Amino acid sequence: MSQPSENTLYSGRYCWIRAVTESDLRALYPSAAVKSILAQYRPWLRGQTLDIEGVVRRHHWLAELNPPAEIEVLVLQKSTQTPIGLISLSSIDGINMKAELSVAFFMNPGSRAAVEALHWSLQWLFGQTPLYKLLFYVQPGNQAARKLLDALGASLEAVLVDEIVRDDGRRSDLCRYTLFRHQWDNGLPRERLRRLVPLVD
């Protein structure tokens, strides 16, 4: 979409991470494939005609909040500059030092670029912010996501019964996983990621 700029947060070996722009929203959100992935953590995108102007207004409104309530970044495959996913930090609670982390890769979810982006996100959040606890929400049947969270050292904290309404109108449980700062700082998953996709300083 564009070359690395002042919006760049990280330029690694395999991925490039930068702030989401209005042009990104207009290019990505109308895609059915992208929308279906994003709807997993943005319920207001499910089962309705996309209001792209509303999405853009929401983006600009969130950008004006201080302290921020939500932060979203775009992940691109560095070699091709192709957008492959979005990483979002939401429900930011500065008092209790916790937030919800959502990861949505609509292309190449198992690639080194995706893994490097996840590694950078966790290291940045626990290394550069005062956050103590990250929350992850996933549907019980999403085994790929649950295996990833287990591999990261996250713990299943609770199963929320009938927490969400699915596209077919039925209710579904939701699993809540947590990852604490000390689990990340002292855990084997961090060391494995360092060996697999070491971050660029």
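Below: a short report on this structure. Just so we're clear, the structure is a prediction, and the values are computed from it rather than from any experiment.

### A short note on the pairing of strand S4 (residues 82-93)
(1) Moving on: Counting buried residues in S4 gives nine out of twelve residues, a clear majority hidden from the surface.
(2) Moving on: Looking at chain direction, strand S3 (residues 71-77) and S4 are connected through seven bridges and run antiparallel. Opposite Leu76, over in S4, you have Pro83 as the bridge partner.
(3) Moving on: Hairpin connection of S3 to S4: four residues between the antiparallel strands, including Gln81 at a positive phi of 60°.
(4) Moving on: As defined by bridge partners, S4 adjoins strand S5 (residues 98-105) across seven bridges and the pair is classed as antiparallel. In the strand pairing of S5, Leu89 is matched with Leu101.
(5) Moving on: Counting the residues that bridge the hairpin from S4 to S5 gives four residues, and of these Met97 lies at a positive phi of roughly 55°.

### Here we look at the side chain of Ser111
(1) Moving on: With respect to the helices, strands and loops of the structure, Ser111 is situated in the loop between S5 and helix H4 (112-128).
(2) Moving on: In this structure Ser111 comes out as buried when scored by relative accessible area, which is 17%.
(3) Moving on: Among the polar contacts listed, one links the side chain of Ser111 to the backbone oxygen of Asn108, at a separation of 2.8 Å.

### Section: the packing of aromatic side chains
(1) Moving on: All chains considered together, the criterion is met by three aromatic pairs.
(2) Moving on: Consider the rings of Tyr10 and Trp120, whose centres lie 5.9 Å apart with planes at 25°: the pair is stacked. Residue Tyr10 is found in strand S1 (residues 8-11), and its partner Trp120 is found in helix H4; the two are separated by 110 residues along the sequence.
(3) Moving on: By relative accessible area, which is 11% here, Trp120 ends up buried.
(4) Moving on: An aromatic cluster is defined as three or more aromatic residues linked by ring pairs; in this entry it consists of Tyr10, Trp120 and Trp124.
(5) Moving on: Here Arg18 stacks its cationic end above the ring of Trp16, 5.4 Å away from the centre of that ring.

### Side note on the nonpolar core
(1) Moving on: Within the largest apolar cluster, 32 residues are counted, with the highest numbers of intra-cluster contacts made by Ile17, Val75, Leu101, Leu122, Leu134 and Phe136.
(2) Moving on: Those elements that place two or more of their residues in this core are strand S2 (15-19), S3, S4, S5, H4, strand S6 (133-138) and strand S8 (171-180).
(3) Moving on: Considering every element that reaches this core, the biggest residue donor is H4, with eight residues.
(4) Moving on: Excluding residues within four positions of it along the chain, Ile17 makes contact with Asn7, Thr8, Leu9, Tyr10, Val73, Leu74, Val75, Ala117 and Trp120.

Cut-offs used in this document
- Residues take numbers from 1 onward in each chain, read along the sequence in its written order.
- Confidence filtering applies because this is a predicted model: local features only for residues at pLDDT of at least 70, side-chain atom pairs given and counted only at 80 or more, and all residues used for totals across whole chains, interfaces and linings.
- Derived side-chain values reflect all non-hydrogen atoms in the structure, with water molecules and hydrogen atoms excluded from consideration.
- Think of it in three bands: residues with accessible area under 20% of the maximum for their type are buried, residues over 50% are exposed, and the middle band is partly exposed, with areas taken using a 1.4 Å probe on protein chains only.
- Secondary structure counts use DSSP, requiring at least four H or I residues in a row for a helix and at least two E residues in a row for a strand, with both numbered from the N terminus.
- A pair of strands is considered paired only if DSSP assigns at least 2 bridges between the two.
- Counted as a polar contact is a pair of N or O atoms within 3.5 Å, where, for protein atoms, one must be capable of donating a hydrogen and the other of accepting one, and residues adjacent in sequence contribute only when both atoms are in side chains.
- In summary, the pairing rule links any two rings of Phe, Tyr or Trp, Trp by its six-membered ring, whose centres are within 6.5 Å, and it sorts them by plane angle into stacked for under 30 degrees, edge-to-face for over 60 and tilted for everything else.
- In our convention, an over-ring charge means Lys NZ or Arg CZ found within 6 Å of a ring centre and within 35 degrees of that ring's normal.
- For the purposes of this section, nonpolar cores are sets of buried Ala, Val, Leu, Ile, Met, Phe, Trp, Tyr and Cys residues that join through side-chain atoms within 4.5 Å.
- Any pair of residues with heavy atoms lying within 4.5 Å of one another is described as a contacting pair.

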